[in-house]
Amino acid sequence: MAVSKTIFGEIDSEPVYLYKISNKNQTSISVLSYAATWQNFEVIEDGKKHSLIEHFDNLDDYIKTPYQVGKTIGRVAGRIKDASFQINGVDYQMEQNEGENLLHGGSHGLQYQNFESKKVAENAVLLSHTVHGEDGFLGTLKVNVEYILNDDNEVSIIYSAETDHDTLFNPTCHVYFDVDDENIRQQKLQINANSFLKVDDGKIPTGDFLATDGPYDFKKAKTIGQGLDELALLNKYEYDDAFVVDNRAATIKSDKRAVDLYTDRNGMVIFTADPKDTEKTEKHEYSSLAMEMQTLPDAVHHLGFGDIVLGKGQKVVYTNKYKYRRFE
Ligand code: GLA
């Protein structure tokens, strides 16, 4: 196990660091202090390197991308209807950054922050950022994001937070998987979900759960291409949907390798895109699949979606895991 630290770029006269954690199998993850970004997930098979996630090699692309590539998004990752909510009888009105709604926590969200960072073990890096009542949230929120890689090729991302004022906390990693050199349509997806969320035209959950039938049925592994073909029959051309999952959330795989996803939360949003080419995304030609494990979007408005309220004086810890496997 080893951690290296280099300078990746500079923002507001502050260095942006890249940490690379490598294990005994030469599997490595790279992490940026900017947006606590998961920058790369590299494996070596028969002497050949493969990157399993979409990534950029320079900071400018991370600053400019609207696709949130690999970033920690939040404090609340998913959409909040009308950008408003109540906690303990107190009304909060946030900025509306997508129509009348709020997406990804606001313009001072974690995805725009250069975190403090340090190596905390031979296989772990800790990123920390303190938010002082931004975007309509009140109080001070201390956020830690820890990345750990073990010798079983398992990546853990541990989110923890504490606050001195009632707030919400539901961040995730906006990582896009592309686990092989082949087209993403050929890669297989399996999601352990019997239901997913019905949404309105603004992609806001209505409160209803739908059965994972047809294009949304990934109970058995099927190719993303098959899913997209089934979607097209419904005149839909992208995935941007929240599935109800349990701990063993999902797998994305080719015939050579797989990544298994685990979470202690109850939801996973999948989103198809080509984060390097917006024109291709608009033509529904996708390079990768974002898999964002989180408590279900708009939980603050729906009983039964999970609890994302972090009360004054409370602490919370969430863990998402990603395990690489190779097929021999
Ligand atoms: C999430 C959302 C998508 C899109 C992406 C990229 O996945 O659900 O609609 O906004 O983030 O930002």
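No experiment lies behind these values; they were computed from the predicted model shown. (Residues numbered from 1 in each chain as written. Predicted model: local features only at pLDDT ≥ 70, side-chain atom pairs only at ≥ 80, totals over all residues. Heavy atoms only, no water.)

## What to know about the overall build of the protein chain
Alright, step 1. A count of helices and strands for the protein chain gives three helices and 26 strands.
Alright, step 2. Principal-axis analysis of the C-alpha atoms places the extent of the protein chain at approximately 60 × 50 × 35 Å.
Alright, step 3. In the protein chain, buried positions account for 55% of the 328 residues.
Alright, step 4. For the protein chain, restricting intrachain contacts to residue pairs at least 6 apart in sequence, the fraction spanning at least 24 positions comes to 63%. (Helix = DSSP H or I, 4+ residues; strand = E, 2+ residues; numbered from the N terminus. Buried < 20%, exposed > 50% of the residue type's maximum accessible area, 1.4 Å probe, protein only. Contact = heavy atoms within 4.5 Å.)

## Remarks on the site of the ligand
Alright, step 1. The environment of the ligand is made up of Pro66, Gln68, Arg79, Leu103, His104, His174, Lys203, Asp240, Phe271 and Glu292.
Alright, step 2. Taking His104, its side chain carries an N or O atom lying 3.1 Å from an oxygen atom of the ligand.
Alright, step 3. At 2.4 Å, a side-chain N or O of Asp240 approaches an oxygen atom of the ligand.
Alright, step 4. Here the ligand is seated within the largest pocket. (Near = heavy atom within 4 Å. Polar contact = N/O pair within 3.5 Å; in protein donor to acceptor, adjacent residues only side chain to side chain. 1 Å grid on protein atoms, 1.4 Å probe; cavity = no way out; pocket = protein on both sides within 12 Å on 5 of 7 lines; lining within 4 Å. Sits in = over half its atoms within 2 Å of the grid points.)

## Focus on the pairing of strand E1 (residues 2–11)
Alright, step 1. Bridge analysis of E1 against strand E2 (residues 14–22) gives nine bridges, and the strand direction is antiparallel. What sits directly across from Val3, in E2, is Ile21.
Alright, step 2. Hairpin connection from E1 to E2: two residues lie between these consecutive antiparallel strands, with Asp12 at a positive phi of about 50 degrees. (Pairing = 2+ DSSP bridges.)

## Re the environment of Asn150
Alright, step 1. Within the fold, Asn150 resides in the loop between strand E11 (140–149) and strand E12 (154–163).
Alright, step 2. For Asn150, a relative accessible area of 22% gives the class partly exposed.
Alright, step 3. Residues Asn150 and Leu261, spaced 111 residues apart in sequence, show a C-alpha to C-alpha distance of 15 Å.
Alright, step 4. Ignoring sequence-local partners within four residues, the contact set of Asn150 consists of Met1, Asn23 and Asn123.

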